[in-house]
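Structural overview for review
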Amino acid sequence: MLRWVERLFGEAIREENTPFAAHDSQRWEKLAEILDFVPEDRTHYERALRHRSIIDDDLYDKHETYERLEFLGDAVLDLIVTEIIFDTFPLRDEGFLTQLRAKLVKGDTLAELAKKLELYTILEVGERAHGQGIELSKSVMADLFESLTAAIYLTEGYGQAYRFIDRVINEHLDLNRISTRVDNYKSELLEYTQSEKLPLPSYRVRSETGPGHDKTFEVSVRIGEREYGTGAGKSKKEAEQLAAKAAWEQIVRDSEKEN
């Protein structure tokens, strides 16, 4: 495997002052395995795999990290996913396609795909950021997937980017299952209470624990006088969603008992 890396990138792989110097061959072999093709040029891939924390080491400027590529990758990914589901579900309407696309390009889904591809093993982070769990952060994994998509698009073209995304989705996701999955339980709960003419859900923070940079919020949700569920998360928004999920599941159980 190292032979094609040396042939493709020449002596630059062995230069100690190159960005990938220490683990060049292993990282590029892993990248080729992930992509299922040999990259033609490494410039955009280097940036796509470089976390912003590298700026703290004064080795790179901001534009040399994945942030700009992430911006482009978001748009490219949106178009590719739209094309894939448009062809996969020829009889479904715009509303269905819009909701499914939103589920596929949301941060949680992209982070899941990035982790399954093990992109964290080839992410370059700053020395002072090592050991902080940055490589497995959901937001970083989602950003990394988008930046890699952009690198493929810029280096290999739209066709190769499409083939990569199409393969990854087919290998790691079940589109039919995702299309029926509820992602926004707060919206579901709100629509339910409105349709049943019930009091609207109200959320209350019950507790905040942990240090300022790593808080955990516990939130409860009530409909009228009854508390239907609680949830705990690293943000109030996440905790509210989990509380709404618990409430929705309770409503389903109550309905099943009645029937």
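In this report, the structure presented in the accompanying data block is examined. (Residues numbered from 1 in each chain as written. Predicted model: local features only at pLDDT ≥ 70, side-chain atom pairs only at ≥ 80, totals over all residues. Heavy atoms only, no water.)

Our next topic: the packing of aromatic side chains. Overall, the coordinates contain 5 aromatic pairs when judged by the stated rule. Where Y158 meets Y162, the ring centres are 6.4 Å apart and the plane angle is 40°; that geometry is what we call tilted. Residue Y158 and its partner Y162 are located together in helix α8 (residues 158-172), separated by 4 residues, close to a single helical turn. Y158 sits in the partly exposed class, given a relative accessible area of 27%. Where Y192 meets W248, the ring centres are 5.9 Å apart and the plane angle is 85°; that geometry is what we call edge-to-face. Here Y192 is found in helix α10 (residues 185-195), whereas its partner W248 is found in helix α11 (residues 236-258), with 56 residues between them in sequence. Stacked on the ring of F96, the Lys or Arg R92 has its end atom at 3.8 Å from the ring centre. (Phe/Tyr/Trp six-rings, centres within 6.5 Å; stacked < 30°, edge-to-face > 60°. Helix = DSSP H or I, 4+ residues; strand = E, 2+ residues; numbered from the N terminus. Buried < 20%, exposed > 50% of the residue type's maximum accessible area, 1.4 Å probe, protein only. Lys NZ or Arg CZ within 6 Å of the ring centre and 35° of its normal.)

Two pairing modes exist for strands in a sheet, parallel and antiparallel, and in both the strands are linked by backbone hydrogen bonds. Reading across from one edge, β1-β2-β3 is the order of the 3 strands in this open sheet, with antiparallel pairing throughout. Looking along the sheet, the strands with just one partner apiece sit at the ends: β1 (202-209) and β3 (226-233). Neighbour-to-neighbour, the strand axes of this sheet turn through a mean angle of 20°, independent of strand direction. Relative to β3, strand β2 (residues 216-223) runs antiparallel, the two sharing 7 bridges. Bridged to V221 within β3 is G229. The sheet strands contacting α11 are β1, β2 and β3, and the helix crosses β3 at an angle near 140°. (Pairing = 2+ DSSP bridges. Axes fitted to C-alpha atoms, helices over the stretch in contact; angles between N-to-C directions. Contact = heavy atoms within 4.5 Å.)

In this structure, E118 takes a positive phi of about 60° despite not being glycine. Topologically, E118 is positioned in the loop between α6 (107-116) and α7 (138-156). A positive phi angle is found at K197, which is not glycine, with a value near 55°. Looking at the element boundaries, K197 is found in the loop between α10 and β1.

By size, the foremost hydrophobic cluster in this structure holds 49 residues, and its most contacted members are Y45, L119, F145, F164 and I165. Excluding anything up to four places from it in sequence, F164 contacts I34, L35, L117, F145, L148 and I152. (Core = buried A, V, L, I, M, F, W, Y, C linked by side-chain atoms within 4.5 Å.)

In this section: the side chain of T193. Positionally, T193 belongs in helix α10. Assessed through its relative accessible area of 0%, T193 is described here as buried. Among the polar contacts listed, one links the side chain of T193 to the backbone oxygen of L190, at a separation of 2.8 Å. Setting aside chain neighbours within four positions, we find T193 in contact with L198, P199, L200, P201 and I223. (Polar contact = N/O pair within 3.5 Å; in protein donor to acceptor, adjacent residues only side chain to side chain.)

Here we take up α10. Among all positions of α10, only Y185, L189 and T193 are buried. Across the axial projection of α10, the buried residues extend over an arc of 70°, all falling on one side. For α10, the secondary structure elements touched by its buried residues are β1, β2 and α11. Two to three positions downstream of the cap, the backbone nitrogen of K186 sits 3.3 Å from a side-chain oxygen, assigning the N-cap of α10 to N184. Where α10 terminates, the next one or two residues include K197, which has phi positive at roughly 55°. (Arc of directions from axis to C-beta.)

Fair warning: the whole summary comes from geometry, so function is off the table for now.
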